[in-house]
Amino acid sequence: MTGQPKIKERAVFATKFAAVATTVGSAVGLGNIWRFPYEAGVHGGGAFMICYVVFVFLIGIPVLWAEFMMGRSTRSNIFGAYDKLRGGWLGRVAGIIGILSSLLILSFYSVVAGWTIEYLFSSLLGWLNFTDIGAGHDQFVELTSGWRPVLWTVIFLFCNTFILFRGVTKGIERASNILMPLLFLLLILFCCNAFTMPGFGEGIRYLFKPDFGQLTPSVLLSAMGQAFFSLSLGLGCMMTYASYFSERTGLMRTAVTTAFLDSLVAVLAGVIIFPAVFSFGLSPEAGPTLVFEVLPHVFSQLPGGQCWSTLFFLLLFLASLTSTVSMSEISIAYFCEEQHMGRRRATLVSSAIALVGGLLCALSFGPLSDLTIAGMTIFELFDYFTSNIALPVGGMIVSIFVGWMLNRPASVDRLAVKSFHMSLMMTCLRWVCPGAILLILLNSIGLL
Ligand code: PHE
């Protein structure tokens, strides 16, 4: 694939494996390793975990399948896909939500990815403190306050833009094929290490034992938001990727595999983080900084901690890149195909927008920390608004559209699924997904 702008030149991922590897590459990223543990920590552990898993299977897989189907059958960006399927104004709303959210997510995501580069270099140069157990928080503050994160955010966005300039296949496919399995192995190794920690039992209980007394509307909303964010759903990202799938790619199988592997990585991250949190007497409720404060402690337990830490942050940085490349692809495909820009120009435009947003988010941990809207900093606001509201609304539109407004999806994409899967998916898309999303959104604003 050469990543050229026009539809007739659109290329196709070479193999079935490449299709799975790239969708998993998009799904697995900071959402699993940074966001999942911090959201689970803030929302009471087990209760959040149960809801998250239920949402992945009940809402995530059907919406993923629907996005795949719309993308492959139209071979278009989100606007073009709805347009070709006669989505009318609803499609335009979904398109605007998708493009806007992708740019907002790219903004705050680049800041966190910038922290991973900061930690990568600090590990490499031996600056991360692996001996003083109390130092994690102070070190995080030292490394990420002031203007420094701005520099790392810019560097990260530069790397992202560079990969996008080189075209879709070369950059994304090769990187994800090799790196995702390696990251996975490293996580398993760290999980084994978690077994040896004194707080293992407490950490595991915290993560897996639901306390249903904690099941508040905000836990439900956050767990649903996490499922959407982690699966890159609701903003047309998977739709855009599926537009590069070949006819032979099994949509159902790819959806289930992606959801399964994505959740597995999130759970592994939880199994690494929470035993360490309890072993070192830290608070699970630290929020977005949790993982960065806890991980140095985890590495301090391992012989050769500095090497593990360097390798881990390197892989996390690359996993973030495969995700940001996918979210950038949403607006780039739109600018190319709907606004008739060249690919390079489209890439520069979306990077420039993300740069402005990224700077605001990076500064909200330092000079702009007092600037709050509804009690949230700009960083928190972008994160909350996109994950908990925009993506679920985008997902609701996809499910209503495919469930009710497309007459026979099978005729749109004959190779989509076998008929049993089809009717199961359609039931979910008609009733379960829109119903659950609507109830949770209304519940969280107190209307139910
Ligand atoms: N799913 C990615 C992650 O977990 C984030 C993402 C969100 C990517 C939306 C693309 C679109 O890190």
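Anyway, here's the lowdown on the structure attached to this text.

What counts, and at which threshold
- Residues numbered from 1 in each chain as written.
- Predicted model: local features only at pLDDT ≥ 70, side-chain atom pairs only at ≥ 80, totals over all residues.
- Heavy atoms only, no water.
- Salt bridge = Lys/Arg side-chain N within 4 Å of Asp/Glu carboxyl O.
- Helix = DSSP H or I, 4+ residues; strand = E, 2+ residues; numbered from the N terminus.
- Buried < 20%, exposed > 50% of the residue type's maximum accessible area, 1.4 Å probe, protein only.
- Patch = residues over 30% accessible without salt bridge, like charges linked within 9 Å, V, L, I, M, F, W, Y side chains within 5 Å.
- Areas by Shrake-Rupley, 256 points an atom, 1.4 Å probe, with all protein chains shown as cover.
- Near = heavy atom within 4 Å.
- Polar contact = N/O pair within 3.5 Å; in protein donor to acceptor, adjacent residues only side chain to side chain.
- Expected span 1.5 Å × (residues − 1).
- Bend = angle between axes of the 7 residues up to and from the residue.
- Axes fitted to C-alpha atoms, helices over the stretch in contact; angles between N-to-C directions.
- Parallel < 35°, antiparallel > 145°, perpendicular 65-115°, else oblique.
- Contact = heavy atoms within 4.5 Å.
- Nonpolar A, V, L, I, M, F, W, Y, C, P; charged D, E, K, R; others polar.

## Section: the pattern of salt bridges
Across all of its chains, the model carries five salt bridges by this definition. Salt-bridge contacts for R148 lead to E118; the nearest nitrogen and oxygen are separated by 2.6 Å. Within this pair, whereas R148 is found in helix 7 (residues 148–165), its partner E118 is found in helix 5 (residues 88–124), the two being separated by 30 residues in sequence. Classification of R148 by relative accessible area gives partly exposed; the value is 36%. Overall, the relative accessible area of 3% leaves E118 in the buried class. The partner of E329 in a salt bridge is R343, with the nearest N and O atoms 3.1 Å apart. You can see E329 sitting in helix 14 (residues 305–337) and its partner R343 sitting in helix 15 (residues 343–363), a full 14 residues away along the chain. For the pair E329 and R343, one class covers both residues: buried. Among the charged side chains, a network of salt bridges with common partners joins R35, E39 and D383.

## Points about a nonpolar patch on the surface
Together, I50, V54, L58, F212 and L215 make up a nonpolar patch on the protein surface, roughly 410 Å² of accessible area in all. Relative to the assigned elements, V54 resides in helix 3 (residues 46–74).

## A few points about the site of the ligand
Around the ligand there are 15 residues in total, and A27, G31, Y109, F229 and S232 lie nearest to it. One nitrogen or oxygen atom from the main chain of F229 is found 2.8 Å from a nitrogen atom belonging to the ligand. For the ligand, the protein covers 100% of the area, taking 320 Å² as the surface of the free molecule. Of all the secondary-structure elements, those providing two or more residues to the shell around the ligand are helix 1 (16–27), helix 2 (30–42), helix 10 (217–230) and helix 14.

## Digging into helix 2
For helix 2, with 13 residues, the first-to-last C-alpha span of 17 Å sits near the 18 Å given by 1.5 Å per residue. The principal kink in helix 2, of about 35°, is found at F36, preceding the proline P37 by one to four residues. Most of helix 2 is tucked away, with 12 of its 13 residues classed as buried. When we look at burial in helix 2, the residues that qualify are L30, G31, N32, I33, W34, R35, F36, P37, Y38, E39, A40 and G41. A positive backbone phi angle near 80° is found at G44, which sits one or two residues after helix 2.

## A word on the packing of helix 2 against helix 3
Across the interface, helix 2 lies against helix 3 with an axial gap of 7 Å and an inter-helix angle of 130°. The angle between helix 2 and helix 3 places the two elements in the oblique class. Between helix 2 and helix 3, the residues in contact are F36, E39 and A40 and F48, M49 and Y52, respectively. Here the contact of helix 2 with helix 3 is built from residues that sort into five nonpolar, no polar and one charged.

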